[in-house]
Amino acid sequence: MENEKDKSWPVEKLGAVRFRDIFKTMARTFLILAVVNAVVCVFLSAFPQNRAYWLVKEKWKLLETREKPADMLVLGDSSCSMGVAPEALRGNLGMDALNLCVFAGMIAVNDAWMLDRYIQKHGAPKAVLISHIYYSWTNGPNYWALAKVPQKSGYWRRLRPSLGNSPGVTARMWLGRYVPFFSENKTIGEIIKSPLAMLSRDFHIQQDGMTPIEKADPENVEADMERILPLIKNPKEFKISPANLKALDAISELAENAKFDVYIVNSPLYRGLAENPRYREYFKSMESVFVEYTKDKKRVHYIPGQLTYEKNQMEDSDHLIRPAAFEFTNEISQMIEKASRDK
Amino acid sequence: MLFNSLDFFVFFIIVYSAYLALGTRYREQNFLLLVGSYVFYGWWDWRFVPLLAGVTALNHYLAGRIYSEESPAIKKRCITISVAVSFAILGFFKYFNFFIESAEQALNSVGFHADVATLNILLPVGISFYTFHILSYTIDVYRGALKPTERFEDFALFAAFFPLLLAGPIERASNILPQITAPRKIRPDKADAGVFLILWGLFKKMAVADNMAVVANKIFDNNGQYHGLDIVIGILAFTAQIYCDFSGYSDMARGLARLMGFELMLNFRLPYFARNPREFWQRWHISLSTWLRDYLYIPLGGNRDGELARYRNLVITMLLCGLWHGAAWHFVAWGAYHAALQVAHNLFISARKTSSSEAWEDSLSRVAMFIFVAIGWTLFRAPTVGQAASMLMSAGISVSSETLALAKHLAFYAAPLVIVQAWQHLSGDLLAPMKLKPAKKSLLYAFMILWIFIFGVRESVEFIYFQF
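Residues numbered from 1 in each chain as written. Chains lettered and ligands numbered in written order. Predicted model: local features only at pLDDT ≥ 70, side-chain atom pairs only at ≥ 80, totals over all residues. Heavy atoms only, no water.

**Brief notes about the side chain of Asn-99 of chain A**
Residue and element names in this part refer to chain A. Structurally, Asn-99 can be placed in strand E2 (residues 97–99). Judged by its relative accessible area of 0%, Asn-99 falls in the buried class. Those residues in contact with Asn-99, other than ones at most four positions away along the chain, are Lys-59, Leu-62, Val-74, Cys-80, Ser-81, Val-84, Pro-86, Asp-208, Gly-209 and Met-210. (Helix = DSSP H or I, 4+ residues; strand = E, 2+ residues; numbered from the N terminus. Buried < 20%, exposed > 50% of the residue type's maximum accessible area, 1.4 Å probe, protein only. Contact = heavy atoms within 4.5 Å.)

**A short note on the interface of chain A and chain B**
Reports of interface size often rely on the accessible area that becomes lost once the parts have come together. Of the residues lining the interface, 29 residues belong to chain A; the matching set on chain B comes to 54 residues. Put simply, chain A and chain B have two salt bridges between them. Our count for the contact surface shared by chain A and chain B stands at twelve residue pairs in polar contact (both at pLDDT 80 or more). For the side of chain A that touches chain B, the secondary structure elements donating two or more residues are helix H1 (19–46), helix H9 (180–183) and helix H10 (185–193) of chain A. Counting residues per element, the side of chain A that touches chain B draws most heavily on H1 of chain A, which supplies eight residues. In the side of chain A that touches chain B, the residues fall into 15 nonpolar, six polar and eight charged. (Salt bridge = Lys/Arg side-chain N within 4 Å of Asp/Glu carboxyl O. Polar contact = N/O pair within 3.5 Å; in protein donor to acceptor, adjacent residues only side chain to side chain. Nonpolar A, V, L, I, M, F, W, Y, C, P; charged D, E, K, R; others polar.)

**Let's talk about the pairing of strand E1 (residues 72–76) of chain A**
Residue and element names in this part refer to chain A. The element E1 is largely enclosed, with a buried count of five among its five residues. Because side chains alternate across E1, one face comprises the buried residues Met-72, Val-74 and Gly-76, and the other comprises Leu-73 and Leu-75, equally buried. With three bridges connecting them, E1 and E2 associate as parallel partners. When the bridges of E2 are listed, Val-74 appears paired with Asn-99. With five bridges joining them, E1 and strand E3 (residues 127–132) adopt parallel strand pairing. (Pairing = 2+ DSSP bridges.)

**Things to note about the packing of helix H2 (residues 26–44) of chain B against helix H6 (residues 152–160) of chain B**
Residues and elements named next belong to chain B. Between H2 and H6, the least distance of the axes is 9 Å, while the angle of their chain directions is 45°. Looking at the two axes, H2 sits oblique to H6. Judged by the twist between their axes, the crossing of H2 over H6 is left-handed. Contacts from Asn-30, Leu-33, Leu-34, Ser-37 and Tyr-38 of H2 reach H6 at Glu-153, Asp-154, Ala-156, Leu-157 and Ala-160. Classifying every residue of the contact of H2 with H6 gives six nonpolar, two polar and two charged. (Axes fitted to C-alpha atoms, helices over the stretch in contact; angles between N-to-C directions. Parallel < 35°, antiparallel > 145°, perpendicular 65-115°, else oblique. Left-handed = near helix turned anticlockwise from the far one by under 90°.)

**What to know about the nonpolar core**
The nonpolar side chains of soluble globular proteins are, as a tendency, buried together. One finds Trp-284 and Trp-377 of chain B to be the most contacted residues of the largest nonpolar core, which totals 155 residues. With residues up to four places along the chain from it excluded, the contact list for Trp-377 of chain B reads Phe-238, Thr-239, Ile-242, Tyr-272, Phe-280, Trp-284 and Trp-334 of chain B. (Core = buried A, V, L, I, M, F, W, Y, C linked by side-chain atoms within 4.5 Å.)

**A look at the sheet that holds E1 of chain A**
Residues and elements named next belong to chain A. Within the open sheet, the five strands sit side by side as E2-E1-E3-E4-E6. Their pairing is parallel. The sheet terminates laterally at E2 and strand E6 (300–303), the two strands that pair on one side only. Each strand axis lies, on average, 20° off the axis of its neighbour in the sheet, ignoring direction. Along the sheet, helix H5 (residues 107–122) makes contact with E1 and E3, crossing E1 at roughly 155°.

**Remarks on the environment of Asp-294 of chain B**
All names here are of chain B. Relative to the helices and strands, Asp-294 is located in helix H12 (residues 286–300). Exposure remark for Asp-294: the relative accessible area of 16% places this residue in the buried category. For the pair Asp-294 and Ala-145, spaced 149 residues apart in sequence, the C-alpha separation works out to 12 Å. Not counting the four nearest positions on each side in its chain, Asp-294 is found in contact with Arg-143, Arg-172 and Pro-299. Polar side-chain contacts of Asp-294 include one of 2.8 Å to the side chain of Arg-172.

**Brief notes about the pattern of salt bridges**
Side chains that differ in charge, positive against negative, can pair when their charged atoms come close. The tally for this structure, following the rule as stated, stands at 40 salt bridges over all chains. For Arg-151 of chain B, the salt bridge goes to Glu-153 of chain B, with nearest N and O atoms at 3.0 Å. Residue class for Glu-153 of chain B comes out partly exposed when judged on its relative accessible area of 34%. The shortest N-O distance in the salt bridge between Glu-279 of chain B and Arg-283 of chain B comes to 2.9 Å. Here Glu-279 of chain B pairs with Arg-283 of chain B, and both are found in helix H11 (residues 277–283), just four residues apart, close to one helical turn. We classify Glu-279 of chain B as buried; its relative accessible area is 2%. By relative accessible area, which is 2% here, Arg-283 of chain B ends up buried. One network of salt bridges, in which partners are shared, links Glu-12 of chain A together with Lys-190, Arg-254, Arg-258 and Glu-263 of chain B.

**Notes on the side chain of Asp-111 of chain A**
All names here are of chain A. Considering the arrangement of structural elements, one finds Asp-111 in helix H5. Look at Asp-111: it is buried, it has no salt bridge, and the nearest opposite charge is Lys-59 at 10.0 Å. Within polar-contact distance, the side chain of Asp-111 engages the side chain of His-132 at 2.5 Å. (Lys, Arg positive; Asp, Glu negative; His and termini not counted.)

**Regarding the packing of aromatic side chains**
Residues and elements named next belong to chain B. Under the criterion given, the structure shown has 69 aromatic pairs over all chains. Between Phe-331 and Phe-380, the ring centres sit 4.9 Å apart and the planes meet at 75°, which makes this aromatic pair edge-to-face. Here the residue Phe-331 occupies a position in helix H14 (residues 329–352), and Phe-380 occupies one in helix H15 (residues 359–381), the gap between them amounting to 49 residues. Judged on exposure class, the residue Phe-331 and its partner Phe-380 are both buried. The ring of Trp-324 has Lys-94 lying over it, and the distance from NZ or CZ to the ring centre is 5.2 Å. (Phe/Tyr/Trp six-rings, centres within 6.5 Å; stacked < 30°, edge-to-face > 60°. Lys NZ or Arg CZ within 6 Å of the ring centre and 35° of its normal.)

**What to know about the packing of helix H2 (residues 51–65) of chain A against H5 of chain A**
Residues and elements named next belong to chain A. Taken N-terminus to C-terminus, the directions of H2 and H5 make an angle of 20°; their axes are 9 Å apart at the nearest point. Overall, the two elements H2 and H5 adopt an arrangement that is roughly parallel. Considering the relative orientation of H2 and H5, their crossing is right-handed. Counted together, Lys-59, Trp-60, Leu-63 and Glu-64 of H2 and Asn-110, Trp-113, Met-114, Arg-117, Tyr-118, Lys-121 and His-122 of H5 form the full contact between these two elements.

**Description of helix H17 (residues 403–427) of chain B**
The terminal C-alpha atoms of H17 of chain B lie 34 Å apart, and with 25 residues this matches the ideal 36 Å at 1.5 Å per residue to within 8%. Along H17 of chain B, the sharpest kink reaches roughly 45°, centred on Ala-414 of chain B and followed within four residues by the proline Pro-416 of chain B. The set of residues buried in H17 of chain B consists of Thr-403, Leu-406, His-409, Leu-410, Tyr-413, Ala-414, Pro-416, Leu-417, Val-420, Gln-421 and Gln-424 of chain B. For H17 of chain B, the secondary structure elements touched by its buried residues are H10 of chain A together with helix H9 (188–221), helix H10 (229–259) and helix H18 (438–455) of chain B. (Expected span 1.5 Å × (residues − 1). Bend = angle between axes of the 7 residues up to and from the residue.)

**Overview of H2 of chain A**
All names here are of chain A. If you check H2, its first and last C-alpha atoms are 21 Å apart, about what 15 residues at 1.5 Å a residue would give, namely 21 Å. Taken together, the buried residues of H2 touch helix H3 (78–83), E2, H5, helix H6 (143–146) and H9. One side-chain oxygen of the residue at the start of H2 lies 2.8 Å from the amide nitrogen of Ala-52, identifying that residue as Asn-50.

**A short note on the state of the cysteines**
All chains considered together, the criterion is met by one disulfide over all chains. Here Cys-80 of chain A is linked by a disulfide to Cys-101 of chain A, with a sulfur-sulfur distance of 2.1 Å. For the disulfide bridge between Cys-80 of chain A and Cys-101 of chain A, the dihedral angle about the S-S bond is near -105°, and by the sign convention the bridge is left-handed. Residue Cys-80 of chain A is located in helix H3, and its partner Cys-101 of chain A is located in the loop between E2 and H5; the two are separated by 21 residues in the primary sequence. Take Cys-80 of chain A and Cys-101 of chain A: they sit in the same class, and that class is buried. The thiol sulfur of Cys-244 of chain B is not disulfide-bonded, and the nearest other cysteine sulfur, from Cys-321 of chain B, lies at 20 Å. (Disulfide = S-S within 2.5 Å.)

From the geometry alone we can't say anything about function, so treat these as descriptive.
Next comes the structure, spelled out in structure tokens:
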């Protein structure tokens, strides 16, 4: 590697610039960022492109605009948004039910917030049904998801359980709410890559809140099982996360004060996953934790057991198609009736 | 903490605010930077902080002895200790298991049963960089090219300066020490360039390199499932990844240093526009190639002792360059490959003996050199020479069901890089994008920031060169 004189090679040519020019450039850049961010924020609030965030917006809208109070609230994640049919609950239990389930990222914190807000607006329901996929119970709060609740700013402090006032939480909630380039970057990326896909967006919700699926996807059920099984880190040890525990405590307190019953059921699951030895061990541990938690609670009841389905009845390992959702709802209705009789 | 992490952002805001508040009090600034640099290094693994401090203290002492002693024998002894101890430490942490395992394989292959224990050795981050960094000081003092620093803290800051501690550039004491031992002025033109370099470096790292890694890892880690164009795409993806990862880091390091009034050496000069192997090494990782030239190639004899000796020195230098990158035979093979390219090029151009070329010849040379470099990166990235050979042999033009998606991914994320690099090349100015009129410059910066937010791989993926 002998020395060689530089000839026409690129070099760094500094410009004639003052400090004032640097600050002006930075100010202009931030102004452009702020304007673009505001436009995108308004657009995504009005027309959510992310299915999960759309679901949050629609379910909270249902809660706020409901005219007649519901007898039963169904709370939880997407497994019950698709899997619990209020129509079947009415038929089996004679209760007018409202499905307010969102997605797993919101964990039980959103359940508690919705219940708290519902009671403020409509008074207490007669019963609450809560259903989450197993891994949702062990997760901490996903602030980017929880920031999407369409309530007046600061709700994360006002509604129970409060997420607290720490700078970290406040920063995350503000970023999640008002800086979509941070919290919805993947959605924006998809829009940039396929802008026309926005036109064929296919989100549907029924008036009772259910978001049913019509078409099974057996291949995806298997693939999804492979994806979520590794989420079980230690099969012998199931632990409800502190955030979920706070949420359950808040729900329990609301139930005690307003005298309504809360039923916790396990989400529907693909049979292949439920029969996996690793999952079975984990499920045993999960059941014992819930039994222990609810044993001294007068108003909170854990419904044991795992209802399982075949992959031709499912879209993924915990999402049922419509006919199977009715089956699931009929079964848990019977379980709820039995639990009511036994208490 | 990585440059593209929230931890580093907070760290730099604190350090930089304090730095600016100290105004022209450079001694206090040096102390602040020294403490900050050790905090920065300790953030990775506090257990290796004493190692850095120890190597620094030893070499400072030895350089002082070299300078103050009159006896050439003592001077020689001191420099020998400096080089031997520094390389022994580097060798132990980086190459111990490699040599043990290689020796075991060699013995087993000739019938001797060997079962040697290997150690579970953690590699201190950046050790290859700061070892070379520190050695440039003692060697330059020995050669009489540099006076040792009077103050230990000045040398300690040179050794641990956080922008270049973990992945270079491999700076020379003769460049940095004068900047440490005198008041620094933050010039607006350099600060402006610093801001651009930080932003462009972040862009290359987060928006290009990390997205290229998705494809490169997929192909290289599952190479048996891919062939034809998929392999080509994987190689191209890694070619972009390693350049953007490494040059992105260098740009950020230089940008951060410029904001503090320091000038670090240029480390990358559009290497993929090189026309021949020699030019490539004058554009790629310039700080390493010049270090090897000045402290290995030239002391070996350089090109002073005839053609054969020149090629021998070239081959040794490139083999050690390969070994510097990693303790594995495929890195050595990569070094040997580049040595072969250089030797072949020297033989070819000495046969041609022409100095001017047409534009089309230039373009063809650049394309050809790019292909040669990409082939070399296959050796570099594949975990074994065998896998690299197998991948190169199955590369071609056949397509699979994934080819289109892979190609789209590659094209989409590489497009901004290609556009900016072409702009830099055609204008002959590495800072061309910041010469736009103010409004357009702000638009460009806003675009880059948004692109980083939208497409940047969010969790901090480690820079590739940190394993060196």
